[in-house]
Amino acid sequence: MSERKSNRQRRTEIRERRLKRAEAARSALSQPDVRWSDCENPPAGAVRADRELLARHNNTYGLLPEFYLDRAFTCRDCGEEQVWTARQQKWWYEQALGHIDSRAVRCRACRRARREANPGGQLLREQCERLRALATRPPDEAARRAIDEALESRWWGVRIVAIETLGCWGDRTSVARLRDLASGVERPRRSSWAFQAQVAAAKALAACLPDTEAGWMLGTGLGKHPGGGHLLAALRARPQAFWERALETEWRRADPERLIRLVWAVRWYAGGETLYSAWRPKLCDHPDGRVAAAVRLAWGTGP
Ligand SMILES: [Zn+2]
């Protein structure tokens, strides 16, 4: 009995201490929202934010935090003053992929109470962890079903983890699925799920797409694709043999527009005199004059 009481006391003390630290951090900086500060020496208790990771799933590119600080908040349900710690924030924004504008609104106890009142509702953290665990072994029927369900989740963070899992699997079925997700809508609004899905799928594909299938990337329009940066980075890493194969394939496909895109891709990502000299005469004789024009523009007039 007395032990339980002391536990409770200890928790209260911890909370008091955290509240004090949050207050100190707040007053140490003059900015209305300390997270946006880019000061060189963050106050005690600050946790560095991974801005690159955040940028991948937030559209507010310029407004990403440099670091997290303990934040005091008043629980929406019980009205108690609580602290959302810097570490909890890092987990929320970087692991659960909560939107950067989202905030803690309920204390732990009230969150648990809500969960118990609604046993069907799955805990976001648990679900993300389960999905990540699936990524560590080859998929079976049940795992694929779990991913299908996760892709329908009302939480974008859960859907994105599902997409990442498909990328980790990287098998034929998963690659086909990712291609569908990456192709989707043309020019989606930045604030839409379609946009987020295309970025996440492009990133997952860039990591797992086998060389023999990488030609698909050239068909996406790349620069115009929301996740084009990831695809381009993957293309840049392809060996010379990949570009030779791509030229062969696109030559046979007889789609001048794709061929022109490839000519430019070779210029920017594979630029090599051997490729230029081997392919220039053939491409310049292409029945569609635009191909020869592109070659002259992209590769120079050459020898
Ligand atoms: Zn509460």
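Located above this text is the structure these notes cover.
Residues numbered from 1 in each chain as written. Predicted model: local features only at pLDDT ≥ 70, side-chain atom pairs only at ≥ 80, totals over all residues. Heavy atoms only, no water.

A.B. asks: Describe the coordination of the zinc ion, and please don't skip the residues or the numbers.
C.D. replies: Ligation of the zinc ion by protein atoms is provided by Cys75 (SG), Cys78 (SG), Cys107 (SG) and Cys110 (SG), these donors lying 2.3 Å from the ion. Coordination at the zinc ion is tetrahedral: its four donor atoms span angles of 102 to 117° at the metal. Read in sequence order, the donor residues for the zinc ion give the motif C-x2-C-x28-C-x2-C. Remark: Cys110 occurs in helix α4 (residues 108-117) and Cys75 occurs in the loop between β3 (71-74) and β4 (81-84); sequence separation between them is 35 residues. Judged by its relative accessible area of 3%, Cys75 is buried. With relative accessibility at 13%, the residue Cys110 sits in the buried group. (Donors = N, O, S within 2.8 Å, 3.2 Å for Na, K, Ca; no water. Tetrahedral: all angles 85-135°; square planar, octahedral: opposite > 155°, others 65-115°. Helix = DSSP H or I, 4+ residues; strand = E, 2+ residues; numbered from the N terminus. Buried < 20%, exposed > 50% of the residue type's maximum accessible area, 1.4 Å probe, protein only.)

A.B. asks: Can you lay out the packing of helix α7 (residues 156-169) against helix α9 (residues 193-208) for me, pointing to particular residues and giving the numbers?
C.D. replies: Between α7 and α9, the shortest axis-to-axis distance is 8 Å and the interhelical angle comes to 20°. Here α9 runs roughly parallel to α7, going by the angle between their axes. Seen from above, α7 lies across α9 with right-handed handedness. Together, Trp156, Arg159, Ile160, Ile163, Glu164 and Gly167 of α7 and Trp193, Gln196, Ala197, Ala200, Ala201, Lys203, Ala204 and Cys208 of α9 make up the contact between the two elements. Taken together, the residues of the contact of α7 with α9 break down into nine nonpolar, two polar and three charged. (Axes fitted to C-alpha atoms, helices over the stretch in contact; angles between N-to-C directions. Parallel < 35°, antiparallel > 145°, perpendicular 65-115°, else oblique. Left-handed = near helix turned anticlockwise from the far one by under 90°. Contact = heavy atoms within 4.5 Å. Nonpolar A, V, L, I, M, F, W, Y, C, P; charged D, E, K, R; others polar.)

A.B. asks: Explain the environment of Leu262 to me, using residue names and the numbers behind them.
C.D. replies: By the element assignment, Leu262 lies in helix α13 (residues 256-270). Judged by relative accessible area, Leu262 falls into the buried class, the value being 0%. Distance from Leu262 to Glu250, taken between C-alpha atoms, is 7.9 Å for residues twelve residues apart in sequence.

A.B. asks: Report on a positive patch on the surface, specifying residues and quantitative values.
C.D. replies: Among the surface-exposed residues, Arg8, Arg10, Arg11, Arg108, Arg111, Arg112, Arg115 and Arg125 lie close enough to one another that they form a single positively charged patch. Where the positive patch is concerned, the elements lending two or more residues are α1 (2-28) and α4. The biggest single contributor to the positive patch is α4, with four residues. Among the secondary structure elements, Arg10 is positioned in helix α1. (Patch = residues over 30% accessible without salt bridge, like charges linked within 9 Å, V, L, I, M, F, W, Y side chains within 5 Å. Areas by Shrake-Rupley, 256 points an atom, 1.4 Å probe, with all protein chains shown as cover. Salt bridge = Lys/Arg side-chain N within 4 Å of Asp/Glu carboxyl O. Lys, Arg positive; Asp, Glu negative; His and termini not counted. Charge placed at Lys NZ, Arg CZ, Asp CG, Glu CD.)

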